[in-house]
Amino acid sequence: MGLSSSTTGNTQVISVHSDRIDAAMAIQFKEDMRAQTQTGAARVVLDLSAVEFIDSSGLGAIVASMKQLGDGRRLDLAGLHPIVEKVFRLTRMDTVFRLFASLDDAMTASAD
Amino acid sequence: MGVDGVATDRQNDSLDLSFPATEAEASKGIATLSARLAAQGLPSCKSDDVKIALAEAINNVVKHAYAGIAPTNIRVDCCLFKDQLVIRITDTGKPMPDLQPPKGIPASVDTSVQELPEGGFGWILIHRLASEIHYERRDGSNLLLLRFEFDDAS
């Protein structure tokens, strides 16, 4: 699945280049996230603006991605389509992650 | 073209679909059915709900009913009415535990990051989105029925 990354200061932006994160690609996503986040950036912002669908496996893979960051690092999510946001809301994961409407919003918000 | 052409057109927008019970084929099948339902008048306010629940139901079949056994076809039949949509998912995989659908009770998310659940979200989503869930095991097949009511206010 394609991920691209850029780092500014303590913030690393990882963009997902796939229109879905679903059961068929959840394991690959988690592994790709592990590889991309070796940088050690304190804050990782996952840009989901290209993602038009996510299922529970994709959601689980994003939770796993945050866990594998370890203590002292955070994963924020940006650019959620309404259907993606709904999956987070219905599972109450919207209370676990900080969700930003756009990448710009995420970048102007403070790290905590 | 003539009769054949008409038959082909009907085939292409049919709300009944069969596909092998693999993750890749399920992913394609879910996308195809969601697009056809929208094209045939599923209210846009409901299309996200249906797509989420349909994906979870089908993924569960692939992951659990066919765990450790060779995949056969999953069949999905949709009946779209003015005020509701009924989806029937049929497979010949293993029966659900206790012959009933999981209740989908959410694990707590008010916990430390490392304690957060990474799974168990599927049935939570289905229960929250479908108006009715019915399961039965019949003649070696699983039949899962999901019904969605369209509320004008939503």
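Right above here is the structure, for reference.
K.L.:
How do you make sense of the overall build of chain B when you look at a structure like this?
P.N.:
Scanning chain B for helices and strands turns up four helices and five strands. Walking chain B from its N terminus toward its C terminus, one meets helices and strands in the order α-β-α-α-β-β-α-β-β. Principal-axis analysis of the C-alpha atoms places the extent of chain B at approximately 65 × 45 × 25 Å. Classification of the 154 residues of chain B by burial places 42% in the buried group. A separation of at least 24 residues holds for 63% of the contacts in chain B among residues at least 6 apart in sequence. Per element, the accessible surface of chain B, about 8200 Å² overall, is 51% carbon and sulfur. Averaged over its 15 positive side-chain charges, chain B has a centre that lies 3 Å from the centre of its 22 negative ones.

K.L.:
Would you mind going over the interface of chain A and chain B with me for this structure?
P.N.:
By convention, interface size is frequently given as the accessible area that disappears when the constituent parts associate. Contacts between the two partners involve 26 residues from chain A, matched on the other side by 26 residues from chain B. Buried surface at the junction of chain A and chain B, both sides included, amounts to about 2300 Å², of which 61% is carbon and sulfur. Between the two partners, chain A and chain B, sit three salt bridges. Linking A:K67 and B:E118 is a salt bridge whose minimum nitrogen-to-oxygen distance equals 3.0 Å. Counting every contact that joins chain A to chain B gives nine residue pairs in polar contact (both at pLDDT 80 or more). Top contributing element to the side of chain A that touches chain B by residue count: helix α2 (residues 56-69) of chain A, with eight residues.

K.L.:
Help me out: how do you make sense of the pairing of strand β2 (residues 73-80) of chain B in this one?
P.N.:
Within a regular strand, the side chains alternate between the two sheet faces. Residue and element names in this part refer to chain B. As judged from the five bridges shared by strand β1 (residues 16-20) and β2, these two strands associate in the antiparallel manner. Bridge pairing links S18 to R75 in β2. The sheet contact formed by β2 and strand β3 (residues 84-91) spans six bridges and is antiparallel. Along β3, the bridge assignment pairs R75 with T90. Joining the antiparallel neighbours β2 and β3 is a turn of three residues.

K.L.:
Just to check I follow, could you spell out the sheet that holds strand β6 (residues 74-78) of chain A for this structure?
P.N.:
The strands making up a sheet associate through backbone hydrogen bonding, with each pair oriented either parallel or antiparallel. Residues and elements named next belong to chain A. One open sheet accounts for five strands, arranged β1-β2-β4-β6-β7; its pairing is mixed. This sheet does not close on itself; its edge strands, each paired only once, are β1 (2-8) and β7 (99-100). On the sheet, helix α1 (residues 26-36) packs against β1, β2 (11-17), β4 (43-47) and β6 and is oriented at approximately 25° with respect to β1.

K.L.:
How should I be thinking about the sheet that holds β3(B) in this particular structure?
P.N.:
All names here are of chain B. One open sheet holds the five strands; their spatial order is β1-β2-β3-β5-β4, and the pairing between them is antiparallel. Edge positions in the sheet fall to β1 and β4 (132-138), since each has one partner strand and no second. Ignoring which end each strand starts from, the neighbouring axes of this sheet average 15° apart. Here β4 runs beside strand β5 (residues 141-149); their pairing, made up of seven bridges, is antiparallel.

K.L.:
Explain helix α3 (residues 82-90) of chain A to me, please; I cannot follow it from the model alone.
P.N.:
Taken together, the buried positions of α3(A) are A:I83, A:V84, A:K86, A:V87, A:F88 and A:L90. Turning to α3(A), the residues buried within the fold contact β5 (53-54), α2, β6 and β7 of chain A together with α3 (44-65) and α4 (121-129) of chain B. Looking at the residues trailing α3(A), positive phi occurs at A:R92, about 65°.

K.L.:
Sorry, what's going on with the pairing of β5(B) here?
P.N.:
Residue and element names in this part refer to chain B. In terms of burial, β5 is largely enclosed, as seven of its nine residues are buried. Relative to β5, β3 is paired through eight bridges, and the arrangement is antiparallel. Paired with I87 across the two strands is L146, which belongs to β5.

What counts and how
- Residues numbered from 1 in each chain as written.
- Chains lettered and ligands numbered in written order.
- Predicted model: local features only at pLDDT ≥ 70, side-chain atom pairs only at ≥ 80, totals over all residues.
- Heavy atoms only, no water.
- Helix = DSSP H or I, 4+ residues; strand = E, 2+ residues; numbered from the N terminus.
- Buried < 20%, exposed > 50% of the residue type's maximum accessible area, 1.4 Å probe, protein only.
- Contact = heavy atoms within 4.5 Å.
- Areas by Shrake-Rupley, 256 points an atom, 1.4 Å probe, with all protein chains shown as cover.
- Lys, Arg positive; Asp, Glu negative; His and termini not counted.
- Charge placed at Lys NZ, Arg CZ, Asp CG, Glu CD.
- Buried area = accessible area lost by both parts, 1.4 Å probe.
- Salt bridge = Lys/Arg side-chain N within 4 Å of Asp/Glu carboxyl O.
- Polar contact = N/O pair within 3.5 Å; in protein donor to acceptor, adjacent residues only side chain to side chain.
- Pairing = 2+ DSSP bridges.
- Axes fitted to C-alpha atoms, helices over the stretch in contact; angles between N-to-C directions.

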